[in-house]
Amino acid sequence: MLNFKTAILLGMLLVLGSSELCAATAATAPAAAPAKPELLVEGGLLGAISSSIDDVQDKLDLNENLIDAWRLRADRAADEVGRLVNQPSDRSGWSVAGDFLTLSGTWLGSFALLTVLAGLLVRRLSQRPWLQARPRGQGLLEYLLPYTLPALVCLPLTLYVSHSLNGSVGRALALCLAYATSSGIVSTSVLLCLIVMFNVGHKRPAVRIIRGYCPKPLFLIGFLAALSDALTSPQIARQLGGNITSSVAVFTGLLASLIFAVLVIRLRRPVAHLIRNRSLAQRLKQPALQESLRIFSGLWYWPILLMVLVSAVSLIGAGEDSQQALRCALLTTVLLIATVFLSTVLQHLFKSRSAQTIQRSSAYKERFLSLLHALLRIVMAIAFIEILGRIWGISLFEFAQRNTVGRAISDSLSSIGLIFLVTWLLWVVLDTAIQEALKPPANKRAARQPSTRVKTILPLLRNAIKIILVVICAITTMANLGINVAPLLAGAGVVGLAIGFGSQQLVQDVITGLFIIIEDTLSIGDWVVLDSGHAGTVEGLTIRTLRLRDGKGFVHSVPFGQIKAVTNQSRQFAYAFFSVQFTYDTDVDKAIELIREAGRSISEDSFLRYNLQGGLDVFGVDKMDLNGVVLTAQFRTVSGGQYAVSRAFNQRLKKLVDNCPWVHFAQTYPQPVVLPARRVHEDEPEQDDSALLLPESPRPQ
């Protein structure tokens, strides 16, 4: 509804200036007079609006003729009051007061008596089981018998008694008050009976609020409206004076309108609850009607307030053209309701079509349907404003064609609308393409997943496109509004140049990051090692920085300008490389067999085999050194899976070697050295060539 309300406000602004401008054009068009040159409008839309401010102000000024008419009416009413007081009469003032008291007492006495009797009858009927089971029927009896029926009976009785009295001011006032009081009671009770009919289900709280607040305001509204109607009757006007009765009728009518407007505003939520609250079966069976009722429940009081406003204006206007004003207000109300209903129908039509084609249509079709729906609502709003203007005697299209200011405003609005439309279309197409490229496919086997490079570059590209479109749209819109954008662009260029010189490092970071992203050096989710010593998983990329989370959970933000070399450990595949050293007395064939057995156990593991991209490759003896024999092997794994495979392989190989007596891991520290024993003297007995174990010497640091 935002576009609809905005268009309405703009249309009202055009309406305010069109009437006076058209009248001025018609008044200055005699045949003999020279043609007046058209007003030159400069400055775009703002200039056109400023050129018509004086005409709008004249339109909004108070009408001096209306003030003079009310001043004259007040003077005549004062003269009639003086004549009414000083008028000689055959009857005394006491007899006039007696007529008033007689008729008033007749109405009050009969009403009180009938109310008491009706209350007793209602109390007796309420004890009946068939009525106790029907709370709505009981509520209707509580309003009809004690109030409606006595009021309807008392008024004819009072009129019958008045025929026996002579015509006087007291008799006229008493009849007016009796008629107004009876009308107020009857209208209040009838409306409350209608409210009682909604007292079911979840509507009971709203009905309780309305029944608690409504009686007094409704009675005042009915009383004042009936009093205003009675005072305008010819019989009362002849006895009291036409100016007196019309003035009092206007003020009572205005007071009734004010009370009614306050009542409508106070009860807008309870009444909206009564309108839209329906049973679950009805809501599910008729969703379009439910949506229409929901929208209407939020707008129901606006047509009523419009009618009240028009009625008040017609009353203040001393009754001139009141029928025409009321007819226009009625047509406006009908137009508003029809527009809201049509908008609801269009909304449900597009929603249902979008829901039906969501599986078989492309994303472009859905977005363009949404765009078409928005354009139709804007067109509907413009048509609403035009029809509303024609109802009140104003045409916006004629104002835009026959008036210089109107042409300037229409041209500016058309240009701005075209700019917004083109920008909107471009954004829909580009944003939909980006979203479709980032969307994972429904069938993972039949379609390839979006790459990490695409996931990294496209969000940055989307933000850049959004900024560019917004800036271009803002500049062109300001130009059409009449704002000189040349100094703004020049100032922006100077500021940009100064910022460029002062932020060379920032520019270097941006350019370096752009090439890193374009060359697909790293992507979100990769594990990278930077030459600066930082290592971790890439969590995010901005236009200037790289965000890493290391193995301890810490987050590092590194500017792209500081990155000289990147080691990416998460591309395509990796190798889990094993280098195992055994002693020289180890059976090499047995050691290779144990390595292959550990590899087979990993390949058969239900969790680890998903990290593998092939079997174990055993390279054999890679080298021999002082510590032992080195055997090497490797697995080809997915990127990032080499660590889990390496840990599992080492664990399995350690257990296998521990259980095998022919295979021993080599030790990297020095081993005991075997030396033959020597004889110092010849006469010493020959000793066995047993080995002497030299103590271990500490390793040189």
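Since the model is a prediction, treat every value here as computed from it, not as a measurement.

**Concerning empty space enclosed by the protein**
One pass over the full model with this rule turns up 2 cavities of 30 Å³ or more. Each pocket or cavity is described by its volume, and for the second largest cavity that value is around 30 Å³. Lining the second largest cavity are Phe582, Thr583, Thr586, Val588, Ala591, Val629 and Leu631. Residues of the lining of the second largest cavity, tallied by class, amount to 5 nonpolar, 2 polar and no charged.

**Examining the pattern of salt bridges**
One pass over the full model with this rule turns up 5 salt bridges. A salt bridge links Glu539 to Arg549, with the nearest nitrogen and oxygen atoms 2.4 Å apart. One end of the pair, Glu539, is in strand β2 (residues 535-541); the other, Arg549, is in strand β3 (residues 545-549), with 10 residues separating them in the sequence. Its relative accessible area of 32% is what places Glu539 among the partly exposed residues. Residue classification places Arg549 among the partly exposed residues on the basis of a relative accessible area of 32%. Of the charged contacts, one joins Asp605 and Arg652 as a salt bridge, the two residues approaching to 3.3 Å between their closest N and O atoms. In this pair, Asp605 is assigned in the loop between α24 (588-604) and β7 (617-624) and Arg652 in helix α25 (residues 642-658), connecting sequence segments 47 residues apart. We classify Arg652 as partly exposed; its relative accessible area is 23%.

**Some words on the side chain of Thr637**
Turning to its location among the elements, Thr637 is positioned in strand β8 (residues 629-638). For Thr637, a relative accessible area of 0% corresponds to the buried category. A polar contact is formed between the side chain of Thr637 and the backbone nitrogen of Gln642, at a distance of 3.4 Å. Excluding its chain neighbours within four sequence positions, the residues that come into contact with Thr637 are Phe573, Ala574, Tyr575, Ala576, Asn611, Leu612, Gln613, Gln642 and Val645.

**Considering the pairing of β3**
Two strands pair when backbone bridges link them, and β2 and β3 are joined in this way by 4 bridges, in the antiparallel orientation. If you follow Thr537 over to β3, its bridge partner there is Arg549. Relative to strand β4 (residues 555-559), β3 runs antiparallel, the two sharing 5 bridges. Bridge assignment links Arg547 to a residue of β4, and that residue is Ser557. Taken together, β3 and the strand that follows it, β4, pair antiparallel across an intervening segment of 5 residues, in which Gly553 is found at a positive phi of about 95°.

**Brief notes about the sheet that holds β4**
Overall, antiparallel pairing links the 5 strands, which are arranged β4-β3-β2-β1-β5 in an open sheet. Looking along the sheet, the strands with just one partner apiece sit at the ends: β4 and β5 (566-568). Neighbour-to-neighbour, the strand axes of this sheet turn through a mean angle of 40°, independent of strand direction.

**Some thoughts on a nonpolar patch on the surface**
On the surface, a cluster of nonpolar side chains totalling about 620 Å² of accessible area is made up of Tyr364, Phe368, Leu418, Val422, Leu425, Leu426, Val429 and Leu430. Of all the elements in the fold, those that place two or more residues in the nonpolar patch are α18 (363-391) and α20 (404-438). With 6 residues, α20 is the largest single contributor of residues to the nonpolar patch. Along the chain, the position of Tyr364 falls in helix α18.

**Looking at helix α23 (residues 504-518)**
For α23, which comprises 15 residues, the first-to-last C-alpha distance of 21 Å matches the rise-based estimate of 21 Å (1.5 Å per residue) to within 8%. If you check which residues of α23 are buried, you get Asp509, Gly513, Ile516 and Ile517. An end-on view of α23 places all buried positions within 90° of arc, on one side of the element. The first or second residue beyond α23 is Asp520, which carries a positive phi of 60°.

**What about the sheet that holds strand β6 (residues 573-582)?**
With respect to topology, 3 strands assemble into an open sheet ordered β6-β8-β7, the strand pairing being antiparallel. Of all strands in the sheet, those with a lone pairing partner are β6 and β7, marking the two edges. Shown here is a sheet whose adjacent strand axes are inclined to one another by a mean of 25°, direction ignored. Each of β6, β7 and β8 is contacted by α24, which is oriented at about 15° to β8, the strand it contacts most. Packed onto the sheet, α25 meets β6 and β8 and runs at close to 25° relative to β6.

**Considerations on the nonpolar core**
The biggest cluster of nonpolar side chains holds 35 residues, and the ones touching the most others in it are Ile210 and Cys214. Listing elements by their share of this core, those giving two or more residues are α8 (169-196), α9 (204-213), α10 (215-231), α12 (242-266), α13 (268-276) and α16 (301-316). A per-element tally of this core places α10 first, with 8 residues. Filtering out sequence-adjacent residues up to four positions away, Cys214 remains in contact with Leu192, Leu263 and Leu267.

**Thoughts on the confidence of the model for the protein chain**
Summarising the model, the protein chain shows a mean pLDDT of 75, and 73% of its residues fall at 70 or more. The model gives residues 1-41 a pLDDT under 50, and that stretch makes 44 contacts with residues more than four places away or in other chains. Every residue in residues 687-701 is under pLDDT 50, and counting partners more than four places away or in other chains gives 15 contacts.

Each value, and the rule that gives it
Residues numbered from 1 in each chain as written. Predicted model: local features only at pLDDT ≥ 70, side-chain atom pairs only at ≥ 80, totals over all residues. Heavy atoms only, no water. 1 Å grid on protein atoms, 1.4 Å probe; cavity = no way out; pocket = protein on both sides within 12 Å on 5 of 7 lines; lining within 4 Å. Points joined across faces, edges and corners; volume = space filled by probe spheres on them. Nonpolar A, V, L, I, M, F, W, Y, C, P; charged D, E, K, R; others polar. Salt bridge = Lys/Arg side-chain N within 4 Å of Asp/Glu carboxyl O. Helix = DSSP H or I, 4+ residues; strand = E, 2+ residues; numbered from the N terminus. Buried < 20%, exposed > 50% of the residue type's maximum accessible area, 1.4 Å probe, protein only. Polar contact = N/O pair within 3.5 Å; in protein donor to acceptor, adjacent residues only side chain to side chain. Contact = heavy atoms within 4.5 Å. Pairing = 2+ DSSP bridges. Axes fitted to C-alpha atoms, helices over the stretch in contact; angles between N-to-C directions. Patch = residues over 30% accessible without salt bridge, like charges linked within 9 Å, V, L, I, M, F, W, Y side chains within 5 Å. Areas by Shrake-Rupley, 256 points an atom, 1.4 Å probe, with all protein chains shown as cover. Expected span 1.5 Å × (residues − 1). Arc of directions from axis to C-beta. Core = buried A, V, L, I, M, F, W, Y, C linked by side-chain atoms within 4.5 Å. pLDDT = per-residue confidence, 0-100.

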